[in-house]
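The chain contents come next:
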Amino acid sequence: MIIEKPVYAVALLVVVLSLLCELLMPGGDRIVAIAAVACGVATWVAPLLVIAISWNQKPRSSLAGVGFTIRIFVVAVCFSASGVWLALLTLVFAQDRTYAWIALLLIGVFWLWVAVMLYVGDLRRQQGQEDAPKKRFKKRFKKHSE
């Protein structure tokens, strides 16, 4: 509950500043478009930086590992949401929409890649679980039959 208010305040500030920049500043559409691409690139780079910074830190517990994974997703979601907002502003107000499409492509490909990796990981986990119970069942069955 404590975190929600600052996050909403920052989000509102970004929305207001980007709209003002787009509507009132000459050349503001180019600034917003470049910011959209920067957020698209940051969607890819920031989670990798979070992983790289803490690559040698072992989680203290399984809950710490879950928190680390959540942190990676939150960072990616924040940059993605900002990038989508700025790209949509560029699509609506700018004459040159190239940067907006690049930003949306970067963000879309990132989340498609995440979905594919989660699916592949789930398939591997299921294959590992299918093999493991058979071995345990055979061991139990041999012990009870002797």
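Figured I'd write up the structure that's included with this text.

Conventions we followed
- Residues numbered from 1 in each chain as written.
- Predicted model: local features only at pLDDT ≥ 70, side-chain atom pairs only at ≥ 80, totals over all residues.
- Heavy atoms only, no water.
- Helix = DSSP H or I, 4+ residues; strand = E, 2+ residues; numbered from the N terminus.
- Contact = heavy atoms within 4.5 Å.
- Areas by Shrake-Rupley, 256 points an atom, 1.4 Å probe, with all protein chains shown as cover.
- 1 Å grid on protein atoms, 1.4 Å probe; cavity = no way out; pocket = protein on both sides within 12 Å on 5 of 7 lines; lining within 4 Å.
- Points joined across faces, edges and corners; volume = space filled by probe spheres on them.
- Nonpolar A, V, L, I, M, F, W, Y, C, P; charged D, E, K, R; others polar.
- Axes fitted to C-alpha atoms, helices over the stretch in contact; angles between N-to-C directions.
- Parallel < 35°, antiparallel > 145°, perpendicular 65-115°, else oblique.
- Left-handed = near helix turned anticlockwise from the far one by under 90°.
- Phe/Tyr/Trp six-rings, centres within 6.5 Å; stacked < 30°, edge-to-face > 60°.
- Buried < 20%, exposed > 50% of the residue type's maximum accessible area, 1.4 Å probe, protein only.
- Patch = residues over 30% accessible without salt bridge, like charges linked within 9 Å, V, L, I, M, F, W, Y side chains within 5 Å.
- Salt bridge = Lys/Arg side-chain N within 4 Å of Asp/Glu carboxyl O.

Moving on: the overall build of the chain. Secondary structure summary: the chain contains four helices and zero strands in total. Taken from N to C terminus, the helices and strands of the chain fall in the order α-α-α-α. Sequence-distant contacts, at least 24 apart, represent 72% of the contacts inside the chain between residues at least 6 apart. With an accessible surface of roughly 11100 Å², the chain has 71% of that area assigned to carbon and sulfur atoms.

Another aspect to go through is the layout of surface pockets. If you add up the space inside the largest pocket, you get close to 290 Å³. Lining the largest pocket we find 13 residues, and of these Ile 72, Phe 73, Phe 110, Trp 113 and Val 114 sit closest to its centre. Of all the secondary structure elements, the ones that give two or more residues to the lining of the largest pocket are α2 (28-53), α3 (62-93) and α4 (98-145). The element that contributes the greatest number of residues to the lining of the largest pocket is α4, accounting for six residues. Partitioning the lining of the largest pocket into residue classes produces 13 nonpolar, no polar and no charged.

To continue, consider the packing of α2 against α3. One can describe the packing of α2 onto α3 by two numbers: an axis separation of 8 Å at closest approach and a directional angle of 170°. Considering their axes alone, α2 and α3 lie roughly antiparallel with respect to each other. Crossing angle aside, the handedness with which α2 passes α3 is left-handed. By residue class, the composition of the contact of α2 with α3 is 18 nonpolar, five polar and two charged.

Per the stated rule, a full pass over the model turns up five aromatic pairs. Centre to centre, the rings of Trp 44 and Phe 110 are 5.2 Å apart; their planes meet at 80°, and the pair counts as edge-to-face. Placement of Trp 44 in helix α2 and of Phe 110 in helix α4 is noted, with a sequence separation of 66 residues between them. We classify Trp 44 as partly exposed; its relative accessible area is 27%. Of the residues examined, Phe 110 reaches a relative accessible area of 4% and is grouped as buried. Measuring from centroid to centroid gives 5.0 Å for Phe 110 and Trp 111, while their planes differ by 85°, and the two rings are edge-to-face.

A grouping of Leu 12, Leu 13, Val 16, Leu 17, Leu 20, Leu 23, Leu 24, Val 92 and Phe 93 is seen on the molecular surface, where their side chains present a nonpolar patch of about 890 Å² in accessible area. Elements with a minimum of two residues in the nonpolar patch: α1 (4-24) and α3. In terms of residues, the nonpolar patch owes the most to one element, α1, which gives seven residues. Looking at where Leu 17 falls in the secondary structure, it is placed in helix α1.

Attention now goes to the pattern of salt bridges. Evaluated as defined, the whole model comprises two salt bridges. Between Arg 30 and Asp 96 there is a salt bridge; the shortest N-O distance is 3.6 Å. Here Arg 30, found in helix α2, pairs with Asp 96, found in the loop between α3 and α4; they are 66 residues apart in sequence, far enough to count as distant. Assessed through its relative accessible area of 37%, Asp 96 is described here as partly exposed.

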